[in-house]
Amino acid sequence: MNTSFTPGERWLDTDGQPIQAHGGALLRHGDAWYWYGEDKTAHINSKVTTVTGVSCYRSTDLLNWKNCGLCLTASDDPASPIHSSKIVERPKVLFNALTGKFVMWMHLDENGYMFSRAGIAVADRPEGPFNLVRVQRSIAHDYGYPSPDPRNQREHGNAYLDMNLFLDDDGQGYVFHVSENLLTVYVSKLTPDFTDFLRPAQIGITWNRAILNKVREAPTPFKYEGQYYLFSSGCTFWDPNYTLLARAPHPFGPWENLGDPFTGAGAVHSHHTQPTSVFAMPGAPAGSFVFMADRWMPKELRDTRHVWLPFVMRDGTTQLDFRHHWDASIFTPKPAPVAPTIRGSLRYDNSVFNPVGVRLAWDAVPGADGYRVYADGFAVGFSDALTLDLPLPLPGVVQTYTVRAEALAGGSSPDSNAVPLRFGKPRRTHLSDHAPVRAFAGFGEILSDRAWDGEALRLGTTDYAKGLFAHVDSDISYLSGGAYARFTATIGLHAPRPAGHAFFSVEADGKTIFTSPLLRATEAPLKIDLPITGVRHLRLRAWNPDTIGDCHAVWAEVEIAP
Ligand code: DGJ
């Protein structure tokens, strides 16, 4: 019997087998929950895309799941769009009250993800069997198709990739999906029987382009207090990247970016997760939700883990934190905990002359279900354990660590005592030799001293040995503790991607102290030299007003000096 959620651990069904329901979602029907997802039993690694089918599990407590078998089985007909050699991803199911049928939408693909179509299947019972009734591209909308277009969208309709379904309170169904060769998220109303896009397609009336040119994947919608919310991931194949939350007054938008809901350095890869669905926790106060995500295991996809994280909506937004275990009692309202006491020390490798990081520890506080750690007042991590290891502060910076005890449904304690830690003296140093306290980057992680494909960092015709390969849009924070006087860098777009263009800016303690003109990969790089005396928080940003595709921001020889 499972009695708590253990995100990231193998989750066994009632037969003792790992639950195979990836890229999935729940459907509440009658007195039970049904969990649909990709069965990746035969999907050994990311090169083998053998499809077993869509699985269906049933539960009445959300913790213990009975395998109801495949509700959509891969076909052995090579001509079938669900032949076992092809790709069936992110299946979702809605119950249609009008027809009494269960309707599944999924992303069907083949040929290196160039087929890119929606598959729609229908069943009479929640456990299936589902029969494929339609396979189609999305709404045809000329967004300026590229030429050549790998997915031939002008001829076949626009691409349909990562997807989700959403059922509004008024019974209207919506499909969210990625289109335009991965650039843009589309939202479309479903027909009354949920088996098609509402037609004739009229932009702004039956469908809309929701998040334009930002290359988002895994769109995950939910609704709270009349507002619509959408988690999404970046796009890095099976590798994790950062999550963003957006909010809109209507599924068609306008979608406002609320930023990254995770805290600290682990946010850059969302604690190794990618969203797939959100559901409201039954029996819990309004605003209590669960974030369902996959921790893909690219070397052995069938071992992909489920990560379910509880979250609570507050003031029109939320934050997400990785927890090792939790249960539904986490949503029970309780008073804010009292402040804990924190201790800290440097961590060493094998010599006291060689510190490698910081270890913080605190005492458990009654009623707390997690602890948020701050460095110089800036949230740098969260833990539901009683210790946290962090990277070293910058040389010579006295970093003051505090912790607050939190109850998800009760708020947070005042600050603990403060622990100051420091090593070395301020010295001229490359920022690429130090871990940022927070970073997110358009595609995946920030790279130090190399480009994405293993190349050197190239600006114009010069290769740089040191620097940050930060992509676009990106946002990187360092805590410089008032110990440094100058910031220098050579900035530009990575030359091997000639279409790259972006603005760069440097923020010091919340004030913008530098903004570049629009820099292009084809132009000479720009040298910058900025005074930062007394500055405690440095933030390096690169962004692009039109697209993030093929734009790689480079901060070469980015140094700070006392
Ligand atoms: C990320 C998507 O979200 C997944 O559903 C899957 O399509 C992988 N990419 C394939 O690389």
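Quick caveat: nothing in here was measured; it's all calculated off a predicted structure. Numbering of residues starts from 1 in every chain and runs along the sequence as written. This being a predicted model, a pLDDT of at least 70 is required before a residue's local features are given, and a value of 80 or more before pairs of side-chain atoms are given or counted; all residues contribute to the totals for chains, interfaces and linings. Calculated side-chain values reflect all of the structure's heavy atoms, with hydrogen atoms and water omitted.

## Here we look at the overall build of the chain
Helix and strand definitions follow DSSP, with helices as H or I runs of at least four residues and strands as E runs of at least two, each counted in order from the N terminus. For the chain, the count of helices and strands is one helix and 41 strands. The globule rule used for comparison is 2.2 Å times the number of residues to the exponent 0.38, while the radius of gyration itself is calculated over C-alpha atoms. Computed over C-alpha atoms, the radius of gyration of the chain comes to 24 Å, within 12% of the 24 Å expected from 2.2 N^0.38 for 562 residues, which places it in the range of a compact globule. For the chain, the spread of C-alpha atoms along the three principal axes comes to 70 × 60 × 45 Å. Only protein chains enter the calculation, and the probe is 1.4 Å; a residue is then buried if its accessible area is under 20% of its type maximum, exposed if over 50%, and partly exposed in between. For the chain, with 562 residues in total, the buried portion stands at 58%. Using a 1.4 Å probe, the Shrake-Rupley method yields the accessible areas, and only the shown protein chains count as cover for residues. Accessible surface for the chain amounts to roughly 22200 Å². Of this, 52% is attributable to carbon and sulfur atoms. As used throughout, the charge tally considers Lys and Arg to be positive and Asp and Glu to be negative, leaving His and the chain termini uncounted. Taken as the charge centre is NZ of Lys, CZ of Arg, CG of Asp or CD of Glu, depending on the residue. Taking the 51 positively charged and 59 negatively charged side chains of the chain as two groups, their mean positions are separated by 3 Å.

## As for the domain arrangement of the chain
On domain assignment, one finds that the chain holds domain 1 (22–322), domain 2 (342–421) and domain 3 (429–561). Boundaries of every domain are those given by an automatic assignment or by a domain database. Placing a centre on the C-alpha atoms of domain 1 and another on those of domain 3 gives a separation of 34 Å. At the interface, 15 residues of domain 1 touch 16 residues of domain 3. Summed over both partners, the interface of domain 1 with domain 3 comes to about 1300 Å²; 55% of that surface belongs to carbon and sulfur atoms. Note on definitions: salt bridges are taken to be side-chain nitrogens of Lys or Arg within 4 Å of carboxyl oxygens of Asp or Glu. Notably, a salt bridge pairs Asp260 with Arg438, separated by 3.9 Å at the nearest N-O pair. All residues other than Ala, Val, Leu, Ile, Met, Phe, Trp, Tyr, Cys, Pro, Asp, Glu, Lys and Arg, Gly among them, are scored as polar; the first ten of these are nonpolar and the last four charged. Of the residues that constitute the side of domain 1 that touches domain 3, the class distribution is seven nonpolar, six polar and two charged. In this analysis, two residues are considered to be in contact whenever any of their non-hydrogen atoms come within 4.5 Å of each other. Once two parts are brought into contact, the accessible area they lose, counted with a 1.4 Å probe and summed over both, makes up the buried area.

## Topic: the site of the ligand
Residues are labelled near a given molecule or strand when at least one of their non-hydrogen atoms is within 4 Å of it. Every residue close to the ligand is listed here: Glu89, Arg90, Tyr113, Asp162, Glu217, Phe237, Trp238 and Gln274. The term polar contact refers here to a pair of N or O atoms within 3.5 Å; inside protein, the definition further demands a hydrogen-donor-capable atom paired with an acceptor-capable atom, and it admits residues adjacent in sequence only when both atoms are side-chain atoms. Between a nitrogen atom of the ligand and a main-chain N or O atom of Phe237, the distance comes to 3.0 Å. Among the residues making up the shell around the ligand, the classes are represented as three nonpolar, one polar and four charged.

## Focus on the sheet that holds strand β15 (residues 243–248)
Strands in a sheet are paired, the pairing made by backbone hydrogen bonds, and the direction either parallel or antiparallel. Any two strands between which DSSP finds at least two bridges are classified as paired. In spatial order, the strands read β13-β14-β15-β16; together these four strands make up an open sheet with antiparallel pairing. The open sheet has two edge strands with one neighbour each: β13 (217–224) and β16 (256–259). When strand polarity is set aside, the average angle formed by the axes of neighbouring strands in this sheet is 30°. Pairing of strand β14 (residues 227–233) with β15 involves six bridges; the strand directions are antiparallel. Paired with Tyr228 across the strands is Ala248, a residue of β15. In this description, a line fitted to the C-alpha atoms serves as the axis of each element, helices being fitted only across the stretch in contact, and the angle between N-to-C directions of two axes falls anywhere from 0 to 180 degrees.

## A look at the environment of Trp105
Note that Trp105 resides in strand β6 (residues 101–109). In the structure, Trp105 is positioned 15 residues away from Ile120 in sequence and 4.6 Å away in space, judged by C-alpha atoms. From its side chain, Trp105 meets the backbone oxygen of Phe194 in a polar contact 2.8 Å long.

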